[in-house]
Amino acid sequence: GPAAVDGQSVSVDGDAPVDVPANVTRQAEVLVVFDLPSTPSALAVSVGDLSCEVAWSPVGGGDYADYNVTCGGVDTTLRLLAAETQLEVRMFLDWTFAEIFLQRGRTAVTASSDVSASPPVSLHADATTNAVVSVYPMNGIWVDEATVRATDRVYQGWA
């Protein structure tokens, strides 16, 4: 379906709330693309109590650098190439779990989440930067038996 928040540009300096319609983020895809600032900064996306933070610091020399990441209480690392200028955080949220993908899956985290009906979305940066935010509501994955039985089969010879 259509985006509930479609490419909203946000200036981030400290905490920056994102205006999301009610009852969307409980089951949604949240996509945030930060411009990497020129000075060290924690860059974070939070949905309710679930937070994902990257400890960014520009590094001179070398082809890449590894950065500490904490998402939903899980600590890991993210490798960024020296030529990269943006950080992508994509969160798939439902009522109990979150799948978080950084840089299109270069680093992935599964975290438990206790998402309320309309958890707020906010961004954080210690240094001034810009971000683009999109939020897409998702339907439930569960369907009834009649829907499954009425679905066309893709395998030949199966009833």
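1. Some thoughts on the overall build of the chain
- Secondary structure assignment for the chain yields one helix and ten strands.
- For the chain, the succession of helices and strands along the chain, N to C, is β-β-β-β-β-β-β-β-β-β-α.
- C-alpha extents for the chain along the principal axes are approximately 60 × 35 × 25 Å.
- Within the chain, buried positions represent 37% of all 159 residues.
- Within the structure as shown, the chain displays about 9200 Å² of accessible surface, and the carbon and sulfur contribution to it stands at 51%.
- Here the chain contributes 7 positive and 20 negative side-chain charges, whose respective centroids are spaced 11 Å apart.

2. Section: the side chain of E84
- Following the sequence through the fold, E84 ends up in the loop between β6 (74-81) and β7 (86-93).
- Polar contacts involving the side chain of E84 include one to the side chain of R106, which spans 2.8 Å.
- Leave out the neighbours within four places in its chain, and E84 touches L36, R79, Q103 and R106.

3. Comments concerning the packing of aromatic side chains
- Inspection of the entire model under this criterion finds two aromatic pairs.
- Considering the side-chain rings of F92 and F101, the 6.0 Å spacing of their centres and the 75 degrees angle between planes classify their relative orientation as edge-to-face.
- For F101, a relative accessible area of 26% gives the class partly exposed.
- Geometry around W95 places R26 over its ring, the cationic atom sitting 3.8 Å from the centre.

4. Notes on the state of the cysteines
- Applying the stated criterion across every chain, the model contains one disulfide.
- Note that C52 is cross-linked by a disulfide to C71, the S-S spacing being 1.9 Å. Taken together, the residues span a long stretch of sequence, with C52 in strand β4 (residues 50-56) and C71 in strand β5 (residues 64-71) at a distance of 19 residues.
- What makes C52 buried here is its relative accessible area of 1%.

5. Focus on the pairing of strand β9 (residues 107-112)
- With burial as the criterion, only one face of β9 is covered, namely that bearing T107, V109 and A111; the residues A108, T110 and S112 on the opposite face remain uncovered.
- Note that strand β8 (residues 97-102) and β9 share six bridges and pair antiparallel. Along β9, the bridge assignment pairs I100 with V109.
- What sits between β8 and β9 in their antiparallel hairpin is a turn of four residues, with Q103 showing a positive phi close to 50 degrees.

The rules behind each value
- Residues numbered from 1 in each chain as written.
- Predicted model: local features only at pLDDT ≥ 70, side-chain atom pairs only at ≥ 80, totals over all residues.
- Heavy atoms only, no water.
- Helix = DSSP H or I, 4+ residues; strand = E, 2+ residues; numbered from the N terminus.
- Buried < 20%, exposed > 50% of the residue type's maximum accessible area, 1.4 Å probe, protein only.
- Areas by Shrake-Rupley, 256 points an atom, 1.4 Å probe, with all protein chains shown as cover.
- Lys, Arg positive; Asp, Glu negative; His and termini not counted.
- Charge placed at Lys NZ, Arg CZ, Asp CG, Glu CD.
- Polar contact = N/O pair within 3.5 Å; in protein donor to acceptor, adjacent residues only side chain to side chain.
- Contact = heavy atoms within 4.5 Å.
- Phe/Tyr/Trp six-rings, centres within 6.5 Å; stacked < 30°, edge-to-face > 60°.
- Lys NZ or Arg CZ within 6 Å of the ring centre and 35° of its normal.
- Disulfide = S-S within 2.5 Å.
- Pairing = 2+ DSSP bridges.

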